[in-house]
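Descriptive structure summary
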Amino acid sequence: MNAPLSRENLSGVDLLAEINRLKKERNAVILAHYYQKPEIQDLADFVGDSLELSKRAAETDADVIAFCGVKFMAETAKILSPEKTVILPDMAAGCSLEDACPPGKFKAFREAHPDHIALTYINCSAEVKALSDIIVTSSSAETILAQIPESQKIIFGPDRHLGGYLSRKFGREMLLWPGVCIVHEAFSETELLKLKAQHPGVPVAAHPECPPHIIDHADYVGSTSGILNYAKDMAGDTLIVATEPHIIHQMEKAEPTKTFIGAPGADGNCACNICPYMALNTMEKLYLALRDLQPQIELDEGVRLAAKKSLDRMLDMASKTVGQGDLGAKS
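This report concerns the structure included in the present document. Predicted model, so just to flag it, every value in this text is computed and none were measured.

We now examine the overall build of the protein chain. Secondary structure assignment for the protein chain yields 16 helices and 13 strands. A compact globule built from 331 residues would reach a C-alpha radius of gyration of about 20 Å, and the protein chain, at 20 Å, matches this within 12%. C-alpha extents for the protein chain along the principal axes are approximately 55 × 50 × 35 Å. Considering only intrachain contacts with a sequence separation of at least 6, the fraction spanning at least 24 residues in the protein chain is 65%. Summed over all atoms, the accessible surface of the protein chain reaches about 13,800 Å², with 51% contributed by carbon and sulfur. Across the protein chain, the 33 positively charged side chains and the 45 negatively charged ones have centroids separated by 3 Å.

Below is the structure:
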């Protein structure tokens, strides 16, 4: 058993070389979400949105999935690949949306509204997925909602901003769980308007997890991958980006002649729009996770199967949208 190593006594380790060595030794695939630090994105086998990364990992012959993201994403990978070892560099890498929706409270809420189905955003725990009827992603939610009869009552959680956006767009009343993403909640309308005044005519792309006062100023609203595709396809050469700013790394790699400006936080200067959970993953922690195969994602099989059922419903209903443009293979 190797003795635990702290960051301090890893100073002499060539982390990139060791990660690549261990990846081959473990027959591992490294996944990185768009919100990871650039150095992690650049070493990953695949960079993309959470669900499509899990789907791609399931298709590989890898024995180990190293998921550089947050816990619910790694759980999704385990749901789809139960035979594989799934490791997360830091098990404390959670999500404010997951935290806002404890399974016990969600179960009680469902039981209080038995005539409603639960349309649940993928940013939730495996236990909440298991309590849900259909999972949605930000790229598939509209397609799925359009297939649900208007007479069917809906609970949407855990993101009230995404649910509210869908409710307004489709004219569908839904019971919204009161969760928010702390990253997208941090954007300031006042500072965004100042930025737009400094860059007249420059479009704004926003994630639907943003509150309405940000969405109202957006020229494009879409998933992380949708925003990336918009950045590639837009006619202009400058874009204001209202989502976690590490996505800009992929934009700059894809479109090096364009300028991408992160939307500002509360005072125009704070780094409050950087996801603190995603930031917990580091090169050092990834190396240790591959070396020790810890921390591992473990799921109760009953929970996994129930969660997979709600994911499978989504994949069936949104087969034409899920995965389109959600993944960027490392060039």
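Of all 10 residues making up helix α4 (residues 71–80), 9 are buried, and the element is well covered by its neighbours. All of the buried residues in α4 are Phe72, Met73, Ala74, Glu75, Thr76, Ala77, Lys78, Ile79 and Leu80.

Strands belonging to one sheet form pairs held by backbone hydrogen bonds; the direction of such a pair is parallel or antiparallel. If you walk across this open sheet you meet the 4 strands as β6-β5-β7-β8, and the pairing is parallel. A strand with exactly one partner marks an edge of an open sheet, and here the two such strands are β6 (134–136) and β8 (175–176). Examined bridge by bridge, strand β5 (residues 116–121) and strand β7 (residues 153–157) share 5 bridges and lie parallel to one another. Counterpart to Thr120 in the pairing with β7 is Gly157.

Looking at the secondary structure, you find Arg291 in helix α15 (residues 283–292). Only 2.7 Å separates the side chain of Arg291 from the side chain of Asp292, close enough to count as a polar contact.

What follows concerns the packing of aromatic side chains. Pairs of aromatic rings are described using the distance from one ring centre to the other and the angle between the two planes. Evaluation of the coordinates by the stated rule reveals 3 aromatic pairs. With a centroid separation of 4.8 Å and an interplanar angle of 10 degrees, the aromatic rings of Tyr220 and Tyr230 are classed as stacked. Linking Tyr220 in strand β10 (residues 220–221) with Tyr230 in helix α13 (residues 224–233), this pair joins segments that are 10 residues apart in sequence. Here the aromatic cluster, defined as three or more aromatic residues joined through ring pairs, consists of Phe106, Phe109 and Trp177.

Pairing is parallel in the open sheet, where 4 strands are placed in the order β10-β9-β11-β12. A strand with exactly one partner marks an edge of an open sheet, and here the two such strands are β10 and β12 (259–262). With 3 bridges joining them, strand β9 (residues 204–206) and strand β11 (residues 238–242) adopt parallel strand pairing. The partner of Val204 across the bridge, within β11, is Ile240.

In this section: the pairing of β11. It is a general feature of regular strands that their side chains alternate between the two faces of the sheet. Burial within β11 is extensive, with 5 of its 5 residues counted as buried. Residues of β11 alternate between two faces, with Thr238, Ile240 and Ala242 on one and Leu239 and Val241 on the opposite face, all of them buried. The pairing of β11 with β12 spans 4 bridges and is classified as parallel. For Ile240, the partnering residue across the bridge sits in β12 and is Ile261. Taking the sense of rotation as the criterion, the β-α-β connection linking β11, helix α14 (residues 247–254) and β12 turns out right-handed.

The rules behind the values
Residues numbered from 1 in each chain as written. Predicted model: local features only at pLDDT ≥ 70, side-chain atom pairs only at ≥ 80, totals over all residues. Heavy atoms only, no water. Helix = DSSP H or I, 4+ residues; strand = E, 2+ residues; numbered from the N terminus. Rg over C-alpha atoms; globule rule 2.2 N^0.38 Å. Contact = heavy atoms within 4.5 Å. Areas by Shrake-Rupley, 256 points an atom, 1.4 Å probe, with all protein chains shown as cover. Lys, Arg positive; Asp, Glu negative; His and termini not counted. Charge placed at Lys NZ, Arg CZ, Asp CG, Glu CD. Buried < 20%, exposed > 50% of the residue type's maximum accessible area, 1.4 Å probe, protein only. Pairing = 2+ DSSP bridges. Polar contact = N/O pair within 3.5 Å; in protein donor to acceptor, adjacent residues only side chain to side chain. Phe/Tyr/Trp six-rings, centres within 6.5 Å; stacked < 30°, edge-to-face > 60°. Right-handed = clockwise from strand over helix to strand, strands pointing away.

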